[in-house]
Amino acid sequence: MKYLNHNLLSRLGNLPLEARHSMTGNVSGRHRSASRGSSVEFAEYRKYVAGDDTRRLDWKAYARSDRYYIKEFEADTNLRAYIVMDLSGSMNYHPEQVETKYMRACRLAANLAYIAIRQGDAVGLSFARQTKDGAALHIPASRRPAHLNVLISQMDTHSPLGETVLPDTLHELAERVGRRALVLIFSDLFTDTAELKNALRHLHFRKHDVAVFHLVDQQEIDFDFDRPIRFVDMEGGGSLITEPDLIADEYRAIVANYLEETRRICTDINADYRLVRTGDSLEDVLTGFLMGRQKKKAAG
């Protein structure tokens, strides 16, 4: 199946895709729920009220305090993950012999979708794209194994083009998804940082667990051009001929500040931020992401 790397998935073994925050769902699963239930992980005590199940009374607590207390546990639930793919023109960028940012995003997203569906979780897909009627394309989340074919087919059908509408798509998704979910964003984040900040805060306000895969090319950071060159705006279509040596130092300083600002915007709302260069190993990126979420969940 296109974009899936079965050798890679085999090497990843049983590394799960974990939610870092409490989720809500309608089937039993592996993720902590925002509601209380009767699973094996103890959460807290609360005072007994008429109508509570007396089988959950803690008699040791009663012996110590002469008061009735109920044991509450964390309820396990299923995860709902929503993939957001940036379809702006700059996602088509690639130097020679390196795949585009969009292709790398599709590989990452498809393999994560496979892992989520394999463990019984639901996955949906949204495209941040510019359309004539302003409508965004959203594929509802599903746990069915055959749904993976739908997701990958949609990724393969669309191509990056035009200006970014990522913040608008994130705002719409924040309102569209009623229950807490894991939102996986794949983008080069070439958008107004204030608008991006507001959109991510909206997702955070709606209690979604946000992970951002920030796709860049090393050439965009290093700016190691050694002769006059014509740069073309892949979203707006304009162009500029310049001498790289004259602007290299200022350019690198601006890019460094931009990368730091986007990272800070994400960490300020506790989003899982991952800087992904198009030359990075797919296995390293996925392993770091999956294991990092396990550690953060355990620490939290």
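Above this text sits the structure in question.
What counts and what doesn't
- Residues numbered from 1 in each chain as written.
- Predicted model: local features only at pLDDT ≥ 70, side-chain atom pairs only at ≥ 80, totals over all residues.
- Heavy atoms only, no water.
- Buried < 20%, exposed > 50% of the residue type's maximum accessible area, 1.4 Å probe, protein only.
- Helix = DSSP H or I, 4+ residues; strand = E, 2+ residues; numbered from the N terminus.
- Arc of directions from axis to C-beta.
- Contact = heavy atoms within 4.5 Å.
- Core = buried A, V, L, I, M, F, W, Y, C linked by side-chain atoms within 4.5 Å.
- Axes fitted to C-alpha atoms, helices over the stretch in contact; angles between N-to-C directions.
- Parallel < 35°, antiparallel > 145°, perpendicular 65-115°, else oblique.
- Nonpolar A, V, L, I, M, F, W, Y, C, P; charged D, E, K, R; others polar.

A. Inspection of helix α5 (residues 166-176) at higher detail. Restricting attention to buried positions, one finds in α5 the residues Leu166, Pro167, Thr169, Leu170, Leu173 and Ala174. Buried positions in α5, seen along its axis, are confined to an arc of 160 degrees and lie on one side of it. α5 presents Asp168 and Arg176 as exposed residues on the side facing more than 90 degrees away from its buried surface. In this structure, the buried residues of α5 make contact with β3 (80-86), β4 (122-128), β5 (137-142), β6 (182-187) and α6 (193-205).

B. Representation of the nonpolar core within the structure. With 46 residues, the main nonpolar core has Ile83, Met85, Met155, Leu184, Phe186 and Phe213 as its most contacted residues. Take this core: its biggest share by element is eleven residues, from helix α3 (residues 101-118). Setting aside residues no more than four positions away along its own chain, Met85 makes contact with Tyr102, Ala105, Cys106, Ala109, Leu125, Ser126, Phe127, Ala128 and Phe186. Judged by nonpolar contacts, the second largest core, of 31 residues, contains Tyr82, Val84, Ala174 and Val210.

C. Here's a closer look at the packing of α3 against helix α4 (residues 147-157). Packing of α3 against α4 brings their axes to within 10 Å, and their N-to-C directions diverge by 175 degrees. One element, α3, and the other, α4, form an angle in the roughly antiparallel class. When α3 is examined against α4, the residues Tyr102, Cys106, Ala109, Ala110, Ala113, Tyr114 and Ile117 are found in contact with a partner set consisting of Leu148, Leu151, Ile152 and Met155. For the contact of α3 with α4, the per-class residue count stands at eleven nonpolar, no polar and no charged.

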